[in-house]
Every structure is written in C-alpha cells, then in structure tokens.
Amino acid sequence: GHPARHPPRPRAVHADKESRLLNDVTPTPEKPLATRLDLGWRKWVLVAVIAVYAMTLFLPYAAGTPGWQVLSFTEPADTHIALAERVFTLVSFASLVVFSVLALALRHTSPAMVAWLTACIGLATALLGTWMRQTGTAGGSTGAGMYLAIVCLVVAVPILTSAWLRRDEEQTRYEETRRANPEA
C-alpha cells in the first residue's frame with residue numbers, strides 16, 4: 001500500500017485580542033496608515049538637506065578630491081582614499097540621494113527606514129574615516145565637502161527617525177478608537 005495520509009492540521013486560533021489585531025488576515029484600517037509617510041514641515045528640511053548634500057559632492061572630500069570622484073571611483077591614482085571614506089561616501093549617497101528621495105516620492109515609511117539605517121551607518125563610517133585620515137599615513141586632510149556631508153546626515157537622522165516614530169492625526173484617532181472599543 002501507500003502511506004497513510006494525515007489530515008491537514010487546523011490553524012491555531014488565537015484567543016487574545018492583541019494577536020487577532022496583529023494577524024495579517026485581520027484587516028485593520030491602521031495597517032495602510034502605518035506605512036504612509038507624512039513628514040509635515042520636516043519634508044522641506046529633508047529636501048534642503050538632500051540638495052545641500054548633492055552640492056557637497058562637488059567639494060573636496062579627502063586629499064583635495066571631490067566627492068563625486070570618490071563616489072564614482074575615478075579619483076587620481078596618487079590619491080589615497082581610506083576604506084572608511086569610500087564607504088561613507090557610498091552609504092551617505094545611498095541614504096540621502098537614493099532612499100530619502102524614494103521615501104519622499106513614494107510617501108512610504110520603508111525607504112525612510114532604510115535611509116535612516118544607512119544614515120546611521122554613514123555617521124559611524126564618517127567618524128572612522130575622519131579619524132583614519134587625520135592619524136594615518138595617507139596624507140592630505142579631510143575636505144570641507146565631507147564635513148558638510150556629515151552635517152547633512154546629522155540633520156537627516158532625526159527627521160528620518162520621526163518618519164517612522166511619529167503618528168499623524170488619523171493614526172492617533174484610530175488608536176484612541178481602538179483603545180476605547182477593542183472589539184471594533
């Protein structure tokens with residue numbers, strides 16, 4: 001014969017209210033609202049930060065080399081770019097030019113979260129890259145463009161943090177309704 005067939009297992013039924021609210025099958029009006037990005041006035045600050053950052057790419061980043069050359073790996077052969085400086089340039093570009101612009105264009109929190117994460121990584125590599133340039137044997141100094149790009153990330157991180165921690169009026173209203181009537 002053939003092997004015995006077992007009937008499919010029934011899906012677990014959650015008795016508590018919280019797990020029913022978090023269950024993907026349960027449609028709740030909060031879910032689409034939670035992914036919607038509404039920065040309010042912060043949107044314009046982020047736009048300005050992105051514009052200033054784009055200008056920093058034409059200023060010297062390291063050893064007199066402009067940021068766009070560090071970003072595109074086209075710096076002169078005799079220029080020594082530290083790994084952390086290269087990573088900073090790539091990650092800060094990804095954060096501000098790619099993911100922040102995507103977040104603003106799509107009005108979605110997911111790219112804003114990735115922009116925040118890459119901005120935090122960028123700040124860590126900026127600290128390391130600046131330290132390596134000032135204590136290493138590569139020569140030259142950290143340029144004004146890199147310092148201004150660091151300032152751009154310092155301004156962008158709290159804005160991007162508010163993108164996914166802040167609730168708008170509609171989300172707050174749903175939360176209050178849900179607390180007042182958990183069965184709704």
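Conventions used here
Residues numbered from 1 in each chain as written. Predicted model: local features only at pLDDT ≥ 70, side-chain atom pairs only at ≥ 80, totals over all residues. Heavy atoms only, no water. Axes fitted to C-alpha atoms, helices over the stretch in contact; angles between N-to-C directions. Helix = DSSP H or I, 4+ residues; strand = E, 2+ residues; numbered from the N terminus. Parallel < 35°, antiparallel > 145°, perpendicular 65-115°, else oblique. Left-handed = near helix turned anticlockwise from the far one by under 90°. Contact = heavy atoms within 4.5 Å. Core = buried A, V, L, I, M, F, W, Y, C linked by side-chain atoms within 4.5 Å. Buried < 20%, exposed > 50% of the residue type's maximum accessible area, 1.4 Å probe, protein only. Salt bridge = Lys/Arg side-chain N within 4 Å of Asp/Glu carboxyl O. Nonpolar A, V, L, I, M, F, W, Y, C, P; charged D, E, K, R; others polar. Expected span 1.5 Å × (residues − 1). pLDDT = per-residue confidence, 0-100.

(A) Local environment of the packing of helix H6 (residues 109-135) against helix H7 (residues 144-165). Between H6 and H7, whose axes approach to 9 Å, the crossing angle comes to 150°. In terms of their interaxial angle, H6 and H7 are classed as roughly antiparallel. Every pair of crossing elements has a handedness; the one defined by H6 and H7 is left-handed. Facing H6, whose interface residues are Thr 109, Ala 112, Met 113, Ala 115, Trp 116, Ala 119, Cys 120, Gly 122, Leu 123, Ala 126, Thr 130 and Gln 134, H7 presents Met 146, Tyr 147, Ile 150, Leu 153, Val 154, Val 157, Leu 160, Thr 161, Ala 163 and Trp 164.

(B) Broad picture of the nonpolar core. Counting residues in hydrophobic clusters, the biggest one holds 30 residues, and the most contacted among them are Leu 39, Leu 46, Tyr 53, Tyr 61, Phe 88 and Leu 96. Looking at this core, the elements that each hand over two or more residues are helix H3 (42-56), strand E1 (60-62), helix H4 (67-71), helix H5 (83-106), H6 and H7. By residue number, the principal contributor to this core is H7, which donates 10 residues.

(C) The arrangement of the pattern of salt bridges in detail. Under the definition given, this model contains 1 salt bridge. The closest approach of N and O atoms between Glu 75 and Arg 86, which form a salt bridge, is 2.7 Å. Of this pair, Glu 75 sits in the loop between H4 and H5 while Arg 86 sits in helix H5; the two residues are 11 residues apart in sequence, bridging distant segments of the chain. Both residues of the pair, Glu 75 and Arg 86, belong to the buried class.

(D) Representation of unusual backbone geometry within the structure. Unlike most non-glycine residues, Phe 73 shows phi in positive territory, near 60°. Mapped onto the elements, Phe 73 comes out in the loop between H4 and H5. One non-glycine residue, Arg 107, adopts positive backbone phi at about 55°. In this fold, Arg 107 is placed in the loop between H5 and H6. Residue classification places Arg 107 among the partly exposed positions, given a relative accessible area of 47%.

(E) The arrangement of the side chain of Gln 69 in detail. With respect to the helices and strands, Gln 69 occurs in helix H4. Its relative accessible area of 16% is what places Gln 69 among the buried residues. Not counting chain neighbours up to four residues away, the residues in contact with Gln 69 comprise Thr 74, Glu 75, Pro 76 and Arg 86.

(F) Expanded view of the packing of H5 against H6. Interaxial distance between H5 and H6 falls to 8 Å at its minimum, and their mutual angle equals 160°. It follows that H5 is roughly antiparallel to H6 by the angle criterion. Considering the relative orientation of H5 and H6, their crossing is left-handed. In the contact of H5 with H6, the residues fall into 18 nonpolar, 6 polar and 2 charged.

(G) Looking closely at H7. Its 22 residues give H7 an end-to-end C-alpha distance of 32 Å, which sits within 8% of 32 Å, the value for a rise of 1.5 Å per residue. Of the positions making up H7, those classed as buried are Gly 145, Met 146, Ala 149, Ile 150, Cys 152, Leu 153, Ala 156, Val 157, Ile 159, Leu 160, Ser 162 and Ala 163. Those residues of H7 hidden inside the fold are in contact with H3, E1, H5 and H6.

(H) Geometry of the confidence of the model for the protein chain. Here the protein chain averages 82 in pLDDT, while 77% of its residues score no lower than 70. The spread of mean pLDDT over the elements of the protein chain runs between helix H1 (residues 17-22), the lowest at 50, and H3, the highest at 96.

(I) Seen up close, the environment of Ile 159. By secondary structure assignment, the location of Ile 159 is in helix H7. It is 8.7 Å that separates the C-alpha atoms of Ile 159 and Trp 116, two residues lying 43 residues apart in sequence. Those residues in contact with Ile 159 that sit more than four places away from it in its chain are Leu 39, Arg 42, Val 45 and Leu 46.

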